Amino acid sequence: MERDSTDEDVTSDFAESTASASEFTSINTGRILYSYEHGRRYQAFLHGRYGLPNDDVEQTREGIKHKLYTDYLLEGKLFLAPIGDHPQKIVDLGTGVGFWAQDVAESFPSARVIGTDLSPIQPHWTSPNVEFRVEDLEDEYRPWTSIYFDADFIHIRALLQTLRNPTRLIQRSFENIKPGGWIECHEVIPFVFSDDGTAGDDHPMNAMYRLVEGPFSEVYGWQLRFPSKIPDVLRETGFINIQERHNKVPLGRWHSEAKMREMGMFCQSLIEDWVDALIAKPDALGLSHEEGHRLAEDITAALNNPRIHARLDWIDCWAQKPLS
């Protein structure tokens, strides 16, 4: 499949600003626009598509999540796929604030690193080999721009559940990865459980997941249960050497081991802030303000109860595109 090697086919609705950015520098968003609802800030580009805010509180949550992954789940690594020592193009889909993209750019200074998101919240000053773009990669009517083609590695974290058609994103990733290249996906299975029966279907966090899967997803098109399908979708798309790993992460401070307790504290912080962001739009959950507030209180009480040994399954998948 041949493509033009130039990057002139910018398709972002922020094209005026992205096109003016240097090919290897951060995005220059002169037309940044935001919208505000219930005291939270959201992206204006495709307003109403994502459903979660992009303000400072959410960006802090993204930083905590990045810390949990790199320092605990991945034990100091940035990824698990065996991409080799000299990748030339690395793509981070749903880059958010760009923490992962910046770290991987420093690890591979000769690689071109491209982070893409709906929100222009990435830093203006970063490593010279990082480029951030504001684009809608879910657009079914427009192909991806040529900059993503021939990627050695495509990284996806905490994104697939929030898409209307996550399978298509994986298929497009397959089309853009070079033969022998890799994809890696990290998501959370949306169900709180325990090994000792203290947390199950009646946990208030599972009530929240049911609301997100129901009324909220009717508005925003989320596919909350997609993470459990990732290995099968990768296989059906044509990837090989598929690897799957599950991490039973504590939710709360109940664990007796220090490292697991720290992970539980990080996870609790992430969940509580995620719940607060969702409760900011109680109508999208089919709740009144009072019902939303009461559910948030129930979740906080359960997470702070040391007798409830709740966990979440954080899934990691990586796979390779065949050489031919």
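Basis of the calculations
- Residues numbered from 1 in each chain as written.
- Predicted model: local features only at pLDDT ≥ 70, side-chain atom pairs only at ≥ 80, totals over all residues.
- Heavy atoms only, no water.
- UniProt positions renumbered as here; feature names shortened; annotations may be inferred.
- Bend = angle between axes of the 7 residues up to and from the residue.
- Helix = DSSP H or I, 4+ residues; strand = E, 2+ residues; numbered from the N terminus.
- Buried < 20%, exposed > 50% of the residue type's maximum accessible area, 1.4 Å probe, protein only.
- Contact = heavy atoms within 4.5 Å.
- Pairing = 2+ DSSP bridges.
- Axes fitted to C-alpha atoms, helices over the stretch in contact; angles between N-to-C directions.
- Disulfide = S-S within 2.5 Å.
- Core = buried A, V, L, I, M, F, W, Y, C linked by side-chain atoms within 4.5 Å.
- Parallel < 35°, antiparallel > 145°, perpendicular 65-115°, else oblique.
- Left-handed = near helix turned anticlockwise from the far one by under 90°.

As annotated in an unreviewed UniProt entry, the chain carries the name Methyltransferase domain-containing protein and is attributed to Stachybotrys chlorohalonatus. The record held by UniProt for the chain lists under Sequence similarities (unreviewed entry) the comment "Belongs to the methyltransferase superfamily. LaeA methyltransferase family."

(A) Quick peek at helix α5 (residues 204-220). A bend of about 35° at V212 is the largest found in α5, and the proline P215 appears one to four places after it. Of the positions making up α5, those classed as buried are P204, M205, N206, M208, Y209, V212, G214, F216, S217 and Y220. Buried residues along α5 sit against β7 (177-193), α7 (258-279), α8 (289-303) and β9 (311-320). G221 occupies a position one or two residues after α5 and carries a positive phi of about 75°.

(B) The arrangement of the sheet that holds strand β3 (residues 89-93) in detail. Here seven strands make up an open sheet; going across it, the order is β5-β4-β3-β6-β7-β9-β8 and the pairing mixed. The sheet terminates laterally at β5 (130-134) and β8 (240-250), the two strands that pair on one side only. Strand-to-strand twist in this sheet, taken as the mean axis angle between neighbours without regard to direction, amounts to 15°. Sheet topology note: the β8/β9 ladder contains nine bridges and is antiparallel. Looking at β9, one finds that P250 is bridged to R311. Helix-sheet contacts for helix α3 (residues 99-107) involve β3, β4 (112-117), β5 and β6 (151-157), and the interaxial angle to β5 is about 155°.

(C) Just the state of the cysteines, in detail. Taken as a whole and judged by the stated rule, the model has zero disulfides. Between C317, a cysteine without a disulfide, and C185, which holds the nearest cysteine sulfur, the sulfur-to-sulfur distance is 6.6 Å.

(D) Summary view of the nonpolar core. In terms of nonpolar packing, the biggest core is built from 39 residues, with M208 and W314 touching the most fellow members. Mapped onto this core, the elements with two or more residues apiece are α2 (56-73), β7, α5, α7, α8 and β9. If one sorts the elements of this core by residue count, α7 sits on top with nine residues. Apart from residues no more than four positions distant in its own chain, W314 is found in contact with L68, Y69, L73, E187, V188, R245, H246, N247, V249, C267 and L270. Of all hydrophobic cores here, the second largest spans 29 residues; its members include L93, L137, F174 and I242.

(E) The packing of helix α4 (residues 166-176) against helix α6 (residues 230-237), seen in detail. Running from amino to carboxyl end, α4 crosses α6 at an angle of 45°, the nearest separation of the two axes being 10 Å. In terms of orientation, α4 lies oblique with respect to α6. For the crossing formed where α4 meets α6, the hand is right-handed. For the pair α4 and α6, the contacting residues are T167, I170, Q171 and F174 in the first and V233, L234 and T237 in the second.

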